[in-house]
Amino acid sequence: MNRALAIVALLALSGFGPQEKTPTGPGNPIDAWFSGYWVSKGATPARPATDLVFYRRVTLDLYGRLPTPDEIRAFTVDKAPDKRGKLVDRMLLADECAEFLSDVWLDALIDHQMTSQDFGRADMGPLRRWVRTQFHEDVPYDRIVRALLSDRGSRREFPAVNYALKHLGGDPVPVKLAVMSARLFLGKDIRCAQCHDHPFGDMTQQEFWGFMEFFRPLRNAGDLIERKMPPAGAKRDDLGEMRGVKPRFLDGREPAPDKALGEALADFTLTTAEKDCSRALIDRTWRQLFGRRLLSTPIEKNLDELAARLAIEFEREGWSLRKLLRMIVTSKVYQMESKGKEADRALYAAGPLKPMGPIQFMRVFTDVFNLHDVHREMYQRIEASEIAGEQFKDPEVVKLLFYGWARELLLPKGRDPEENPGFGTPRMAMKFMNNQRIQSMINAYWGPSMLGRIMSKKTKATERIDEIFLSIVNRPASRGEREEYVDYVEKRAGWEGKKPYEDVLWVLLNSSEFLFIH
Amino acid sequence: MTDCTCSRRGFLRLSVAMSAGSALAAKFGIPLLAQEATGPVKAKRCIVLWMMGAPSQMDTWDPKPGTETGGPFEAIETTASGIKIGQHLPFTAKQMKHLSLIRTVNSHDPNHDTAQYLLHTAYRKAADIEHPHLGSIVASELGMEVDDLPPAVVIGSAPPAGCGYLPAEWAPVVFDRLADPAEDVLPVQNNPRERLARRWRMLQQFEAGFAEQHEDKRIQARRQACEKAYKVLTSERVKAFDVRQEPLEVRNLYGNTDFGRACLMARRLAESGVRFVEVMYGDWDTHADNFERVKTLCTDIDRPMAALVEDLNRRGMLKDTLILWMGEFGRTPKINAANGRDHWTTWSVALGGGGIQPGRVIGRTDALGMSIAERGVPVNDLFATIYHAFGIQTDKKLIQVPRPMKVIDGGSPVRELF
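The following refers to the structure shown.

### Thoughts on the overall build of chain B
Item 1. The secondary structure content of chain B amounts to 13 helices and 17 strands.
Item 2. Rg of the C-alpha trace for chain B: 22 Å, near the compact-globule value of 22 Å for 418 residues, within the 12% margin.
Item 3. The C-alpha extent of chain B, read off along each of the three principal axes, is 75 × 60 × 45 Å.
Item 4. Considering chain B as a whole, with its 418 residues, one finds that 59% of them fall into the buried category.
Item 5. In the structure as shown, chain B presents an accessible area of about 16,300 Å², 51% of it carried by carbon and sulfur atoms.
Item 6. Measuring between centres, the 51 positive side-chain charges of chain B sit 5 Å from its 50 negative side-chain charges.

Printed below as a string of structure tokens:
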């Protein structure tokens, strides 16, 4: 048996054989909470995910990309009992993790879209760099929120102000900024109360406009400034505007007269009785990892009690994002097998399952089709271009444009990504099944392509099939699949050469197993 | 249908069906009911030629030659008596007998992004809700004509709105590379359809295992999206995307340019059962060097647009195909220091077919084009006119939650056009 086959055999064993001991334990507050929850619901939790499944899941969730076959091999042959915990620790400290997670967070800050006007309104390069540094240095989340809500001044010197500048459009009152801030930092959807008392919640229209007063003086004058007087010629907003209301936070607190409004807003946001700011972050992080909300909505009951418990833990641990992520991804519930029925998943008796988000998808797409050079050339072209606006000459910004492209493939335009999972549009399906350029990138005869590299690195049909499987769905082919596909490529080799391998890659790239994080 | 509309009980039954959901209502024949409410219905499909960046009305549909704002261009006679248009639209001038103009469309929004949204949805961009694209509403209200082509298609660029709060099936399918819009759908070189069919069979087999093990609505929905895509790719009708199948004479009529081919594709798609096609073109944002640029842009669009009108008419399709030529706003009559024109919120829209009376001019700007002298047409009236042509009731509530949203919020059709 040659060495490659030995590795394949080893992989198959470690992937589908007996499980390692779970590295999680009763010390993890999430595990402690779920052990009671499952008993109360009479649910039986699924078995732990295999190393292969776990490794794919955690790489997509923390690095936003697929693991490479070499990484998978190294991880699966590692026999250390606490290798999952060590892996998570290593990943959480990596630049790659900070870059990916900060981009996901930035995407929420910009409300998942950048129009050409938005690029004029805010300086996205400094904001993206700033958010990344916060994640990289694990700056306490309360400090990040404070900067976003209370910084004022130069968009270059205080990059956090670009968050507000992005949402300060031509509207007479900055409703968008208030709505976004309530959603991001308090986990509250206050939109209905702009025009009338909230039909489900307990918020009145008066309270909405009291909250608005914290944002009303903000102006986008290139930099973020405060001005008491309304803009010249400002018309009354047509949607429910109330004027002359005193600034009042959502829980009724009023700012001291000598306190700057931004500071007061940050103080209130970070100190609500229900720990709303922490709970909102935990809910967002949970949604990112499990594809489901942790907090209840008016139409859906969720695990608010767990969220409250985690909020206490999060604040006790110094508002550390890194520790929060560690707690979740090392928990038993995160590391479970995701196979199961919808009803199992509703009780968290099956592990997480969700489609890749646009940022993951774009990164995976770039890797699979080896587009790094193409993108680099594109940056250079934009940099040298005389007609491209200054803001686009920053590679930080160009990347955001790529993410926008991916989003529109995954989710029909006009659908709110906060409320709808983007699992792929018919247009995306057509593109992946049939687009000429994409088809040319799955060319087995083109050296630099992923398939081209596999073809020159591996010579036997079994090895090639397994390597294609490892690269795309990050597991070796099952016995049945291996037999079927090896038979397929060998039978056709006589007159089709390497082309049948393209068919195998095509199948995997168009599969749900590829697109979903499971 | 007769039962439903003629007897009181039938009418009640229909009302219940309508409030029960648009799918049911469509089944009971909303267009016919709308016809009774709003007069004769002609339009069954729509082609929009969207001029990105806001074209200058002064140098196209509302010329003021010889005045201080008129610029260097002349106005030329057209086949519609009494209507003169800019000199760089000579082909269109010959087809003017089929078209009408609204010269006083107006709004309050001089910003590209939000105005493009407004002129695609009839709504101001809001913080809390995304409104549907005009094409999504036309397609969803009229229903699918065929199920193996998308109900609405946008060619050339990403549109500013999508399906909004309507079901995702009504989202316009976007083919955003004007140079090669059919790249996603036409058979790939060296990869015949048999290969696609074989790959598809292999995929179905591969998918079954994962989908069975992971029961999930999102996975099911994704597989349905793929099935829909496959249906289009393998349909006979997909040839509608292939303009090379058109006789040379017709291809020459539209001209051998990206925009020309896109207009021809629009006609082929409309003919094959796509309810709504939009072709997006330009950069009409001529703050500098307006006249040279408008001359080039007019030359780009003139022959294809004229060909589209002529071709539709020749095929007898013009009577039930509404054509619209529009942009997000207009440009200043005053010429700036860079020989350009800036943003201006009164402008012209050209429209024809689909029951629109040809050869009419609605509204008049003053001698210098500086103000509306007669009959302003606000954006909502323009949309009311478009929907009226299709017999779509504009006060119909498309959704109730999170709040009731009408097709448009107010506005009356321009009756003089019908």
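### Concerning the overall build of chain A
Item 1. Secondary structure assignment for chain A yields 27 helices and four strands.
Item 2. For a compact globule of 518 residues, the expected C-alpha radius of gyration is about 24 Å, and chain A comes in at 25 Å, within 12% of that figure.
Item 3. Its C-alpha atoms give chain A principal-axis dimensions of about 80 × 65 × 40 Å.
Item 4. Every one of the 518 residues in chain A was classed for burial, and the buried ones make up 58%.
Item 5. Summarising the internal contacts of chain A: among those between residues at least 6 apart in sequence, 70% fall at separations of at least 24.
Item 6. Surface accessibility of chain A: about 21,400 Å² in total, with carbon and sulfur atoms responsible for 55%.
Item 7. Here chain A contributes 78 positive and 74 negative side-chain charges, whose respective centroids are spaced 2 Å apart.

### Comments concerning the packing of aromatic side chains
Residue and element names in this part refer to chain A.
Item 1. By the definition in use, this model includes 39 aromatic pairs over all chains.
Item 2. Measuring from centroid to centroid gives 5.9 Å for Phe469 and Tyr485, while their planes differ by 45°, and the two rings are tilted. One end of the pair, Phe469, is in helix α24 (residues 461-472); the other, Tyr485, is in helix α25 (residues 479-496), and 16 residues separate them in sequence.
Item 3. By relative accessible area, Tyr485 is classed as buried at 2%.

### Considerations on the interface of chain A and chain B
Item 1. Chain A puts 63 residues into the contact, and the matching count from chain B is 64 residues.
Item 2. Here chain A and chain B share an interface that buries about 5,600 Å² over both sides, 54% of which is from carbon and sulfur atoms.
Item 3. Scanning the region where chain A abuts chain B turns up 11 salt bridges.
Item 4. Two residues, Glu183 of chain B and Lys431 of chain A, come together in a salt bridge whose shortest N-O distance is 3.8 Å.
Item 5. At the junction of chain A and chain B, the tally comes to 27 residue pairs in polar contact (both at pLDDT 80 or more).
Item 6. A per-class count over the side of chain A that touches chain B returns 19 nonpolar, 18 polar and 26 charged.

### Focus on the state of the cysteines
Item 1. Taken as a whole and judged by the stated rule, the model has zero disulfides over all chains.
Item 2. Here Cys46 of chain B is not cross-linked by a disulfide; its sulfur's nearest cysteine counterpart is in Cys263 of chain B, at 13 Å.

### Considerations on the pattern of salt bridges
All names here are of chain A.
Item 1. Per the stated rule, a full pass over the model turns up 93 salt bridges over all chains.
Item 2. Here Glu418 makes a salt bridge to Arg287, at a shortest N to O gap of 3.5 Å. Of this pair, Glu418 sits in the loop between α20 (395-410) and α21 (426-434) while Arg287 is found in helix α14 (residues 276-290), placing the two residues 131 residues apart along the sequence. An identical accessibility class is assigned to Glu418 and Arg287; each is buried.
Item 3. A single network of salt bridges, built from pairs that share partners, joins Glu99, Asp103, Arg128, Arg129, Arg132, Asp394 and Glu396.

### Looking at the side chain of Asp216 of chain B
Item 1. As for its placement among the helices and strands, Asp216 of chain B is situated in the loop between α8 (193-213) and α9 (217-233).
Item 2. Classification of Asp216 of chain B as buried rests on a relative accessible area of 5%.
Item 3. Setting aside anything within four residues of it in sequence, one finds Asp216 of chain B in contact with Glu342, Arg345, Leu353 and Phe516 of chain A.

### Quick look at the nonpolar core
Item 1. Judged by nonpolar contacts, the single largest core of 235 residues is most densely connected at Phe34, Tyr141, Phe185, Phe211 and Trp286 of chain A.
Item 2. For this core, the element with the most residues is helix α12 (residues 290-314) of chain B, which contributes 10 residues.
Item 3. Other than its neighbours up to four places away in sequence, Phe34 of chain A contacts Trp286, Leu303, Leu306, Val333 and Tyr348 of chain A.
Item 4. In this structure, Ala43, Trp347, Val349 and Leu382 of chain B belong to the second largest nonpolar core, which totals 52 residues.

### Some remarks on the pairing of strand β8 (residues 321-326) of chain B
All names here are of chain B.
Item 1. Buried residues dominate β8, accounting for six of its six residues.
Item 2. By the alternation rule, side chains of β8 split into Thr321, Ile323 and Trp325 and Leu322, Leu324 and Met326, which are all buried.
Item 3. Here strand β1 (residues 45-51) pairs with β8 via six bridges, running parallel. Bridging from a neighbouring strand, Trp50 pairs with Met326 of β8.
Item 4. Looking at chain direction, β8 and strand β11 (residues 346-352) are connected through three bridges and run antiparallel. For Ile323, the partnering residue across the bridge sits in β11 and is Gly352.

### Regarding the packing of helix α6 (residues 95-109) of chain A against helix α8 (residues 124-136) of chain A
Residue and element names in this part refer to chain A.
Item 1. Contact geometry of α6 with α8 gives a least axis separation of 8 Å together with a crossing angle of 125°. Put simply, α6 runs oblique to α8. Classified by chirality, the crossing of α8 by α6 is right-handed. Contacts between α6 and α8 involve Asp95, Ala98, Glu99, Leu101, Ser102, Asp103, Trp105, Leu106 and Leu109 on the former and, on the latter, Met124, Leu127, Arg128, Val131, Arg132, Phe135 and His136.
Item 2. Looking at the contact of α6 with α8, its residues break down into nine nonpolar, two polar and five charged.

### Focus: the environment of Arg103 of chain B
All names here are of chain B.
Item 1. On the secondary structure map, Arg103 appears in strand β4 (residues 99-106).
Item 2. Along the backbone, Arg103 and Ala350 are 247 residues apart, and their C-alpha atoms lie at a distance of 8.4 Å.
Item 3. In this view, Arg103 contacts Trp61, Asp62, Pro63, Ile83, Lys84, Thr346, Trp347, Ser348, Val361, Ile362, Gly363 and Thr365; residues no more than four positions away in its chain are not counted.
Item 4. A polar atom in the side chain of Arg103 sits 3.0 Å from the backbone oxygen of Lys84.

### Considering the pairing of β1 of chain B
Residue and element names in this part refer to chain B.
Item 1. Judged by how many residues are buried, β1 sits mostly within the fold: seven of seven residues are covered.
Item 2. Both faces of β1 are covered, namely the face carrying Arg45, Ile47, Leu49 and Met51 and the face carrying Cys46, Val48 and Trp50.
Item 3. Bridge count between β1 and strand β7 (residues 276-281): six bridges; the pairing is parallel. Directly across from Leu49, in β7, lies its bridge partner Val279.

Rules used throughout
- Residues numbered from 1 in each chain as written.
- Chains lettered and ligands numbered in written order.
- Predicted model: local features only at pLDDT ≥ 70, side-chain atom pairs only at ≥ 80, totals over all residues.
- Heavy atoms only, no water.
- Helix = DSSP H or I, 4+ residues; strand = E, 2+ residues; numbered from the N terminus.
- Rg over C-alpha atoms; globule rule 2.2 N^0.38 Å.
- Buried < 20%, exposed > 50% of the residue type's maximum accessible area, 1.4 Å probe, protein only.
- Areas by Shrake-Rupley, 256 points an atom, 1.4 Å probe, with all protein chains shown as cover.
- Lys, Arg positive; Asp, Glu negative; His and termini not counted.
- Charge placed at Lys NZ, Arg CZ, Asp CG, Glu CD.
- Contact = heavy atoms within 4.5 Å.
- Phe/Tyr/Trp six-rings, centres within 6.5 Å; stacked < 30°, edge-to-face > 60°.
- Buried area = accessible area lost by both parts, 1.4 Å probe.
- Salt bridge = Lys/Arg side-chain N within 4 Å of Asp/Glu carboxyl O.
- Polar contact = N/O pair within 3.5 Å; in protein donor to acceptor, adjacent residues only side chain to side chain.
- Nonpolar A, V, L, I, M, F, W, Y, C, P; charged D, E, K, R; others polar.
- Disulfide = S-S within 2.5 Å.
- Core = buried A, V, L, I, M, F, W, Y, C linked by side-chain atoms within 4.5 Å.
- Pairing = 2+ DSSP bridges.
- Axes fitted to C-alpha atoms, helices over the stretch in contact; angles between N-to-C directions.
- Parallel < 35°, antiparallel > 145°, perpendicular 65-115°, else oblique.
- Left-handed = near helix turned anticlockwise from the far one by under 90°.

So far we have only geometry, and geometry alone does not tell us how the molecule works.
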